[in-house]
Structures are given as C-alpha cells and as structure tokens.
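Per-entry structural report
Letter by letter, the chains look like this.
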Amino acid sequence: MIRFQITSLILAAFVLAVLPATAEDKKKKMKAPPVVSPSIHQNGDVTFRIQAHSAEEVFVSGEMNPVKTAAMTKGENGIWSVTLEAVEPGLYGYSFTIDGVKMLDPGNPSLKPMRAPKTSILHLPGDHLYDFKDVPHGTVHTHSYHSQPINRLRHIRVYTPPGYEEGNDAYPILVLQHGHSDSYETWTTYGKAHWILDNLIASEAATPMIIVMADGHPIPESYGDGRSDKNTEELRADLMDAALPLVEHLYRVKSGRNNRAITGLSMGGLHSLTIGLNELDSFAAIGAFSAAVPNPEAVKEALSDPDHTNAQLNLFWIAIGEDDFLLGENKKFTATLDEAGISYDWILTEGGHSWSIWRDYFSKFAPLLFP
C-alpha cells in the first residue's frame, strides 16, 4: 500500500511537469525585453535609454552636437530616457552618469577601446571622410606576439590598403600611436583611420600605405603616468626590434627610411616625437597631434645637430588646437626647436583635446606622406 502511494505521488509530479504551462506561467518566465539604446530616428533625433530602478538622477553627456549634456526622465520599469533633437551627423563618444557615477551605455555594444572603458559610441553617418563609403576598402589585421626585447606579450593592429591581397606591390609604413587613456584598437574602432585612408586613397589624395598601431602602454603601470620615460623606452625597443621586424616579415613593405613615418596623438605624440627624433635613420617623417612633448634632454641628439636633423626629415608636422590644455607646452617645445634651428610645420587650429580634431589632423597629415 505504501509503495502504491509513493508511485502515485511520483506519477502525479511527472504529469504536472509535462502539462503545458499556463499563460500566467509563461508570462512569469519570459524575460523583460532588452533596453535598446541609442535609437536613431529618421529625422535625426536620437533617444537614449537606461534602466536604473533606484537612481535619483541620470544624465547623458558626450560630444554630440548641438547638445552636450541632457537630464533623463524616469518612466515605466525604471527606464530613464531622453531624446536629443536634430543631432548633426558625426561620430560621438558619450556616457551615462547615474547618481554621480559615469558609465557605459549597457544597451549599446559599440564602445570606445580604453584602458578604463566608460565611453560608448554614437555614429550618425553623413558625408565625412571618416564615414564608410562605397570605395575599395583595406583590411585591419590583429597580431599577438612575444616581444623578446622587453620580454612581454604584445598586440598590434596592422592596416593594409585596398588591393593588397590581390597584388604584389610593396608599401611604405606609417606608425600611428594612440593617447594615454586609449588602446592600440582605438585608432580604427573610434578614430576610423582605416576608413579615412580608404577614402583618401580612393580619391588619389594619399599614397597607399601600411599602418602599424601598437599598444602605447607596454608597462601596465604606466597607465596613470603617460610621460613615463621608462614606458617610452620600452615602446621604442619593442617597436624597433620586434613589432616593425614582425611587420616587415609578414607583409610586403618598401625598404629604407624614406618609406617610414611615425605620428600619434597626445601621449602618442610624445612617443612619436621622442622615438622619431632619436631614430632619424629609420623615420623620414614625424607628426605630433595635440602632443605631450618630450623634455629637451630626451631628444638632445637631434637638437644638438640641426643640420643633420633637418636633412633627415622630409616632414616634421606639429598640430594643436587653440583651446588645447597642451598648447602652452607645445609653444615652449617649438621655441626650443627654433632656438636649435630645426625646421617644422606648425598648424594651429580651432578646438581642444578631442577626437574630432585628431581625425581631421590625420586626414591632413596622411596625404603629405610618401610623395
């Protein structure tokens, strides 16, 4: 009798388990739909959303034009939202601030590569040089390798121009370095250097070239100290004795210093100035975009022999915005160059320390290379 009762209970549990779920059961099990953000409307309006049930105040802020910061309103299910009207086409970084804490947009998978990611990407295509257009496109490759000179695991991105895979031509190399808060991926993911160069090449405004983008923080602890001399020296050793030899081994590259250039923004500008001026036998062109500048002692050999430096450099291009916080030290550095008798191109533009400036600088610098 006891055995029969136990069997009946097991059978009843099994029947309940396989019976079709009621509508109420299904409703309970259904996940809430994901919060989609941002939503881009046909009229140019953009709606941002984030779920934050217990938040007291939420803002969206970024590089959007015309609105830079906007308060968001709480709605159903704890979803905060705001619609910015008639946002101009462009490529913008933005973040949410929830009760004073800045963060990514969790509804947006497109984010700016950074050492401490907190910026999402809003791209409203227009007719910019950095937009994806119907032209032949190059390829962005990623390589990981052990750098023997500094005994570290390293990563680089390499851009090859349109038609590289189908042809046999060799190409010059541009080393393109990122800023202190960013990574080796930022120049393509957010700077769109590959699309800019695709469009320049398609219009015959720039020479097809290979771009090498290396991690500017070989010493992890250098994040927080973008002017670290030791970090710059490790980057130089890795670049000259590991990364560039790897690229030269894997890709068809033109030989000779006249087919090598180096540039970068902010901390990457410091790297390009320091490495470029100390490796004049390897680079014939140097650029610096809104650069942190080296101490004169770090480039003393180039300063002490201006005739040799001027003879070696086909292009020495320094650009910065009139509202950039690094303008003062750039002027001090160029005064040092003037005193030493070193020639350079000085470009002072509108704007501050921002990616909208650096994309523009790259679009102007690249056509000057490898004539």
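Up top is the structure these notes are about.
A brief look at the structure comes next. (Residues numbered from 1 in each chain as written. Predicted model: local features only at pLDDT ≥ 70, side-chain atom pairs only at ≥ 80, totals over all residues. Heavy atoms only, no water.)

Tallying each qualifying case throughout the model produces 13 salt bridges. One salt bridge connects R227 with E329, and the closest N-O pair in it is separated by 2.9 Å. In this pair, R227 is assigned in the loop between β13 (210–214) and α5 (229–250) and E329 in helix α9 (residues 327–340), connecting sequence segments 102 residues apart. Residue R227 is classed as partly exposed on the basis of its relative accessible area, which comes to 39%. A salt bridge links R260 to E248; the nearest nitrogen and oxygen atoms lie 3.0 Å apart. (Salt bridge = Lys/Arg side-chain N within 4 Å of Asp/Glu carboxyl O. Helix = DSSP H or I, 4+ residues; strand = E, 2+ residues; numbered from the N terminus. Buried < 20%, exposed > 50% of the residue type's maximum accessible area, 1.4 Å probe, protein only.)

Before going further, it helps to examine the sheet that holds strand β6 (residues 79–84). Sheet strands line up and pair through hydrogen bonds in the backbone, either parallel or antiparallel. Strand order across the open sheet formed by four strands is β1-β2-β6-β5, with antiparallel pairing between neighbours. In this open sheet, the two strands that pair with only one neighbour each are β1 (39–40) and β5 (73–74). Sheet topology note: the strand β2 (residues 46–51)/β6 ladder contains six bridges and is antiparallel. Residue pairing for β6: T47 is matched across the bridge by T83. (Pairing = 2+ DSSP bridges.)

This part is about the nonpolar core. Core analysis: the largest hydrophobic core is formed by 38 residues, its most contacted members being I210, V247 and F316. Of all the elements, α5 adds the most residues to this core, at seven residues. (Core = buried A, V, L, I, M, F, W, Y, C linked by side-chain atoms within 4.5 Å.)

Moving on, we come to the packing of α5 against helix α6 (residues 267–278). Following both chains from N to C, one finds α5 and α6 inclined at 65°, their axes separated by 10 Å at the closest point. Between α5 and α6 the crossing geometry is right-handed. Side by side, α5 and α6 meet where N231, T232, L235, R236 and L239 of the first sit next to L270, H271, T274 and I275 of the second. (Axes fitted to C-alpha atoms, helices over the stretch in contact; angles between N-to-C directions. Left-handed = near helix turned anticlockwise from the far one by under 90°. Contact = heavy atoms within 4.5 Å.)

Most of helix α4 (residues 193–202) sits inside the fold, with nine of its 10 residues counted as buried. Listed as buried for α4 are A193, H194, W195, I196, L197, D198, N199, L200 and I201. Following α4 by one or two positions, E204 adopts a phi angle in the positive range, close to 60°.

So, about unusual backbone geometry. Between S37 and P38 the backbone carries a cis peptide bond, its omega angle lying at -5°. Residue placement: P38 occurs in the loop between α2 (23–29) and β1. Put simply, N65 and P66 share a cis peptide bond, and its omega is 15°. Relative to the helices and strands, P66 resides in the loop between β3 (58–62) and β4 (69–71). Phi at K192 is positive, roughly 55°, even though this residue is not glycine. Tracing the backbone through its elements, the reader meets K192 in the loop between α3 (186–189) and α4. Residue E204 is not a glycine yet carries a positive backbone phi of 60°. The topology assignment puts E204 in the loop between α4 and β13.

In short, shape yes, function no, at least from these values alone.
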